[in-house]
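Spelled out, the chains give:
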Amino acid sequence: MFSSLAASAGAAPLECFGDCGPAAAHGAVNPWVALAYLVAGVFFILALRGLSSPATSRRGNRFGMAGMLIAVATTLVTHEIANIAEIGIAIFLGGIIGFVIAQRIAMTAMPQLVAAFHSLVGLAAVLVAVAAFLNPDAFGILDASGNILAVSRVEMALGAAIGAITFSGSVIAFAKLNGNMSGKPIMLPARHVINLGTLVAILGGTAAYAMAPVAPAGEGWLFWAIVAAAFAIGFLLIIPIGGADMPVVVSMLNSYSGWAAAAMGFTLHNTAMIITGALVGSSGAILSYIMCRAMNRSFISVIAGGFGADDSAAAAGGGEQRPYKTGSAEDAAFMLEQAEKVIVIPGYGMAVAQAQHALREMTDLLEEKGVEVKFAIHPVAGRMPGHMNVLLAEANVAYDKVFELEDINSEFAQADVAFIIGANDVVNPAAKTDKSSPIYGMPVFDVDKAKQVFFIKRSMGGVGYAGVDNDVFYMNQTVMLLADAKKMVEEIVKALD
C-alpha cells in the first residue's frame, strides 16, 4: 500500500508548490497540500472501517484506492520530480502487475499473497532510508555543518530496521505458507538470547548513530550494521513459528509495515505516510492482540517471536489409541437432511482442499430441504485474519449466515449437527477442561454440546498447532469422516440429490 507513495515521495522532502530544495526544508507547509493529505487520511480511515466486515469490504477497498490516488497525485504534483516519465512508467508497470496478480490469484493463496505484499512494503521503507542516507541533501535533512540531523538519523535507522524486519520476516512467512519450506517450527539453540541480543544491538546502534559526531562519513557504517542486523532478526523471529500460527504472524507483519512507513514519513516530511502508517500499524497491533487472546497467547511473546514454538508442546501421534466411530458420506447426508439446525465450522483443511464451493452447494441443498444452516468462524481459523470469511465469500455464502465465535457459541446446544470441516484446535474441549494443555484458556466452539458431530479429517494422525489430541474425535455423538474435505463434501452432495 505504501510502496508507491514512498517511491514517489522520495524525490523531495516537503509538501510545497514550486521549489522544494533543501533551502525550503523548514518552510511552511502549503495549506492545500495539508488539506489533500487530510482528505486522503480520512479515506484511509473509511477504508479500515469498511474492511471490518465482508459486507462492506468492497466499499472499503474503494475508499483505500481513492485515498491512495489522492496521496500519490498530491505528492507528484507538489514535489520536484527528477524524471516524471520514469515515475509514470514505474506506476504503470506496478499497476499492470498488481492487476494481473489480482485476476489470477486463488483465494486459497491469499495469505501468502498478503505476506508477499508486506515484504514489498518493508523493502520500500528500507530503500527510502538508504536513499536518504546516500543523498541527505536532496531530502533536506542536513544541519549547518553538513551532517545528517540527529533526529533524522533516528528516523532513518528505525524506519530501515522495522522495514528490514518486515521484509525478511514476510519472506519466511510466504515460504511457509506457500509450501516452499516446512511449516514446522525450526528451533535454534538459545534463540531467545540471540533475538534479545540482536534487538539490543539494533537499538544500541541506533543510539550510537544518532549521537555520532559525523554522519554518514566516519560513523556511517553503523547505519549499514543496523540494516543488516534487522534483516537477520526478521528471519530469526519467524523461523521458530509454526505454519499454523500464521494468522498472528501476518497480522503482526502488517503492523510492522505500517510503523516502518510512518517512520519513513517523518524522514520525508510526508504527512500522508505518517497518517497511513500509524493507522495500519495501530490497527494491525490491535488485531494481533485480539488474535493472541483468541489463541491464549501472550502479546509480548508474539512480539518476541516466541509463540507457537513451545518446547513443551506434545508431539503428534504419541498418545494411546482410543476407539472412535467412522462413517460415510451417505451416513452424513441422511443425518444432515433429517436435522433442523446445522452449524458448519470451517478450518484450514477446507482451504487446503478448496472445498468451499462444494460446501456452499451442500448448504443450498440442505436449505431447500428446510434445514437451517449457519457458519461459525473462529478468529484464528485459517492462515490469516478473516481467511475463512474470504473463502466463504468467494463461494457466495451469504454474509448473514456467517457468525463469529461469541455470537454463535450459545447455539450449539440447540444444534442437531455440528459439521466440522478442516478445523481442529478451535473445537478442542481441552481448552476448557485441561489446565496442563497448551491451549488451556483459548476460547473454542462448544461443539461437544451438539446432538451430532460430523468431523471431516484426512486421517486420525494429524493434530493442530498445539500438537495435542482432540477429545471430540472420541465422543459418542461424533462420527469421523476420514477423507479429503472436498471429495467428502462432493460425495455428500451426491447423496443429498
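The structure we're discussing is the one just above.
We now turn to the structure provided with this report. (Residues numbered from 1 in each chain as written. Predicted model: local features only at pLDDT ≥ 70, side-chain atom pairs only at ≥ 80, totals over all residues. Heavy atoms only, no water.)

1. Describing the packing of aromatic side chains
We count it as follows: Each Phe, Tyr or Trp ring (for Trp, its six-membered ring) is paired with any other whose centre lies within 6.5 Å, and the angle between the two planes then decides the class: stacked below 30 degrees, edge-to-face above 60, tilted in between. The helix count covers DSSP runs of H or I at least four residues long, the strand count covers runs of E at least two residues long, and both are numbered beginning at the N terminus. Burial classification: accessible surface area is computed with a 1.4 Å probe over protein chains only, and a residue below 20% of its type maximum counts as buried, one above 50% as exposed, and the rest as partly exposed. Any Lys NZ or Arg CZ that is within 6 Å of a ring centre and within 35 degrees of that ring's normal is treated as a charge sitting over the ring.
Here the structure, examined in full by the defined rule, presents nine aromatic pairs. Taking 4.6 Å as the distance between ring centres and 10 degrees as the angle between the ring planes, the aromatic pair formed by Phe133 and Phe223 counts as stacked. Here Phe223 lies in helix H9 (residues 221-238) and Phe133 lies in helix H5 (residues 110-134), a separation of 90 residues in the sequence. With a relative accessible area of 6%, Phe133 lands in the buried category. When the centroid spacing of 5.4 Å and the interplanar angle of 75 degrees are considered together, the rings of Phe223 and Trp224 count as edge-to-face. Through a chain of ring-to-ring contacts, the aromatic side chains of Phe133, Tyr209, Phe223 and Trp224 assemble into a single cluster. Positioned above the aromatic ring of Phe403 is the side chain of Lys374, whose terminal nitrogen or guanidinium carbon lies 4.9 Å from the ring centre.

2. A word on the environment of Ile492
What counts is decided by this rule: Any two residues whose heavy atoms approach within 4.5 Å at even a single point are treated as in contact.
Assignment of secondary structure puts Ile492 in helix H19 (residues 485-496). The exposure class of Ile492 is buried, given its relative accessible area of 0%. When near neighbours in sequence (up to four residues on either side) are disregarded, Ile492 contacts Ala329, Ala332, Ala333, Leu336, Met362, Phe419 and Leu481.

3. Things to note about the packing of helix H8 (residues 191-211) against H9
How two helices sit against one another is set out by the angle between their axes and by the gap between those axes. Our working rule: Where helices are involved, their axes are fitted lines through C-alpha atoms of the stretch in contact, as for all axes, and angles between N-to-C directions lie from 0 to 180°. Oblique is the label for every angle not falling under 35 degrees (roughly parallel), over 145 degrees (roughly antiparallel), or within 65 to 115 degrees (roughly perpendicular). A crossing counts as left-handed when the near helix is turned anticlockwise from the far one by less than a right angle, and as right-handed when that turn is clockwise.
It is at 9 Å that the axes of H8 and H9 come closest, and there the two elements cross at 155 degrees. Put simply, H8 runs roughly antiparallel to H9. Crossing of H8 over H9 shows left-handed handedness. Here Ile194, Asn195, Thr198, Leu199, Ile202, Gly205, Thr206, Ala208 and Tyr209 of H8 come into contact with H9, specifically with Leu222, Phe223, Ile226, Ala229, Ala230, Ile233, Leu236 and Leu237.

4. So, a nonpolar patch on the surface
Quick reminder of the rule: Residues qualify for a patch when their relative accessible area is over 30% and they have no salt bridge, like charges being joined within 9 Å and the nonpolar side chains of Val, Leu, Ile, Met, Phe, Trp and Tyr within 5 Å. All accessible-area figures derive from a Shrake-Rupley calculation using a 1.4 Å probe, and residue coverage is judged against the displayed protein chains alone. Take a side-chain nitrogen of Lys or Arg and a carboxyl oxygen of Asp or Glu: if they are within 4 Å of each other, that pair is a salt bridge.
The grouping of Trp32, Leu35, Leu38, Val39, Val42 and Leu46 at the surface amounts to a nonpolar patch, some 560 Å² of accessible area in total. By the secondary structure assignment, Leu35 is in helix H2 (residues 31-50).

5. A short note on the side chain of Glu155
Quick reminder of the rule: Under this rule, positive means Lys or Arg and negative means Asp or Glu; His and the chain ends count for nothing.
One can find Glu155 in helix H7 (residues 150-177). As a buried residue without a salt bridge, Glu155 has its nearest oppositely charged side chain in Arg153, at a separation of 11 Å. When near neighbours in sequence (up to four residues on either side) are disregarded, Glu155 contacts Ala263, Met264, Phe266 and Thr267.

6. Thoughts on the nonpolar core
General note: in soluble globular proteins, nonpolar side chains tend to be found buried as a group. Heads up, the rule is: Residues enter a nonpolar core if they are buried and are Ala, Val, Leu, Ile, Met, Phe, Trp, Tyr or Cys, with the set joined through side-chain atoms within 4.5 Å.
Counting residues in each nonpolar core, the largest one holds 81 residues, and the members touching the most others are Phe223, Ile345, Phe412, Ile420, Phe445 and Val447. One finds Ala339, Met362, Val417 and Val493 within the second-largest nonpolar core, a separate group that totals 39 residues.

7. Quick word on the packing of H7 against H9
Convention followed: Residues are grouped as follows: nonpolar covers Ala, Val, Leu, Ile, Met, Phe, Trp, Tyr, Cys and Pro; charged covers Asp, Glu, Lys and Arg; every other residue, Gly included, is treated as polar.
The geometry of H7 relative to H9 is characterised by a closest axis approach of 7 Å and an angle of 30 degrees between their N-to-C directions. For the element pair H7 / H9, the angle class is roughly parallel. The way H7 lies across H9 gives a crossing that is right-handed. Contacts between H7 and H9 pair Met156, Ala157, Ala160, Ala161, Ala164, Ile165, Phe167, Ser168, Gly169, Ile172, Ala173 and Lys176 from the former with Phe223, Ile226, Val227, Ala230, Phe231, Ile233, Gly234, Phe235, Leu237 and Ile238 from the latter. Of the residues that constitute the contact of H7 with H9, the class distribution is 18 nonpolar, three polar and one charged.

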